[in-house]
Amino acid sequence: MIFISAGHHSKHPTSPDPGAIGNGYKEGDLTIEFRDLVSNELTMLGVQHKKDIDTETLQQYVNRIQTGNGSVVCEFHFDAGTSSATGTTSLVEIDADRLDIACAKEMATVTSQILGIKNRGVKSEADTRHKRLALMKENGIVVLHELCFITNADDVAKYQAKKKDLAKAIAQILVKYENIIP
């Protein structure tokens, strides 16, 4: 089963978390939009999948989903930094295996190619300021994908122009990895 989620929920009724803000956008709004674009692509491909609900917290989502060895779990985010910081990055758990890393690498590569931005590669959750990320505890192939820098006007413009193409490509990668371990 494929599980997709939007990092940060600007629409959560009791604890809205817009995430990073830049160039007139809230990360929580963009991640919800992108998750839904990927979900639509998966539906058009006839692929069963589950997604988070805009009104649930990350902890509620993690408690609700039932991941297993054949699962592919992906959460979408937008990075933040200086206005000149650019690129896409995929994060994997500290003890990621070859499939986690391969899936994350494909996501970073295709995002870089489609958007025409720097590929910052695959990094461990240990490289983040939090050191451990809740979603990384799930079973299966797990990737947290930073699509681009919300604080870079060029990154955001390229994302806006190509987000549907990117959603289609990401959906295909998710399906590919779901099919590796039935």
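It should be emphasised that the depicted structure is a prediction, and the values quoted were computed from it without experimental measurement.

(A) Structural view of the packing of helix α3 (residues 98-115) against helix α4 (residues 153-180). Between α3 and α4, the least distance of the axes is 9 Å, while the angle of their chain directions is 155°. In this view, α3 runs roughly antiparallel relative to α4, as classed from their interaxial angle. The two elements α3 and α4 cross, and the hand of that crossing is right-handed. When α3 is examined against α4, the residues Leu99, Ala102, Cys103, Glu106, Met107, Val110, Thr111, Ile114 and Leu115 are found in contact with a partner set consisting of Lys158, Tyr159, Lys162, Asp165, Leu166, Ala169, Ile170, Ile173, Leu174, Lys176, Tyr177 and Ile180. Of the residues in the contact of α3 with α4, the class split is 15 nonpolar, 1 polar and 5 charged.

(B) How the structure looks around the packing of aromatic side chains. What the rule picks out here adds up to 3 aromatic pairs. A ring pair is formed by Phe78 and Tyr159, whose centres lie 5.0 Å apart and whose planes are at 85°; its orientation type is edge-to-face. Of this pair, Phe78 sits in strand β5 (residues 72-79) while Tyr159 sits in helix α4, placing them 81 residues apart in sequence.

(C) Spotlight on the sheet that holds strand β1 (residues 2-6). Spatial strand order, β4-β1-β5-β8-β6-β7: 6 strands in an open sheet with mixed pairing. Only two strands of the sheet have a single partner each, and these edge strands are β4 (49-51) and β7 (119-124). Adjacent strand axes in the sheet meet at a mean angle of 20°, parallel and antiparallel pairs treated alike. In the packing of α4 onto the sheet, the strands contacted are β1, β5 and β8 (141-149), and the crossing angle to β8 comes to about 170°.

(D) View of unusual backbone geometry. Phi angles above zero are rare outside glycine, and Asn23 is one such case at about 55°. You can see Asn23 is positioned in the loop between β2 (21-22) and β3 (25-26).

(E) Structural context of the pattern of salt bridges. The full count for this structure, using the stated rule, is 8 salt bridges. One salt bridge in this structure joins Lys158 and Asp154, with 3.2 Å as the shortest N-O distance. A residue pair is termed a helical-turn pair when its members lie 3 or 4 positions apart in one helix, as Lys158 and Asp154 do in helix α4 at 4 residues. Among the ionic contacts, a cluster of salt bridges with common partners joins Arg35, Asp36, Lys51, Asp52 and Asp54.

(F) Region of the structure containing α3. With 18 residues, α3 ought to run about 26 Å at 1.5 Å a step, and its terminal C-alpha atoms sit 26 Å apart, in line with that. Those residues of α3 lying buried are Leu99, Asp100, Cys103, Ala104, Met107, Ala108, Val110, Thr111, Ser112 and Leu115. Where α3 terminates, the next one or two residues include Gly116, which has phi positive at roughly 70°.

Cut-offs and rules
- Residues numbered from 1 in each chain as written.
- Predicted model: local features only at pLDDT ≥ 70, side-chain atom pairs only at ≥ 80, totals over all residues.
- Heavy atoms only, no water.
- Axes fitted to C-alpha atoms, helices over the stretch in contact; angles between N-to-C directions.
- Helix = DSSP H or I, 4+ residues; strand = E, 2+ residues; numbered from the N terminus.
- Parallel < 35°, antiparallel > 145°, perpendicular 65-115°, else oblique.
- Left-handed = near helix turned anticlockwise from the far one by under 90°.
- Contact = heavy atoms within 4.5 Å.
- Nonpolar A, V, L, I, M, F, W, Y, C, P; charged D, E, K, R; others polar.
- Phe/Tyr/Trp six-rings, centres within 6.5 Å; stacked < 30°, edge-to-face > 60°.
- Pairing = 2+ DSSP bridges.
- Salt bridge = Lys/Arg side-chain N within 4 Å of Asp/Glu carboxyl O.
- Expected span 1.5 Å × (residues − 1).
- Buried < 20%, exposed > 50% of the residue type's maximum accessible area, 1.4 Å probe, protein only.

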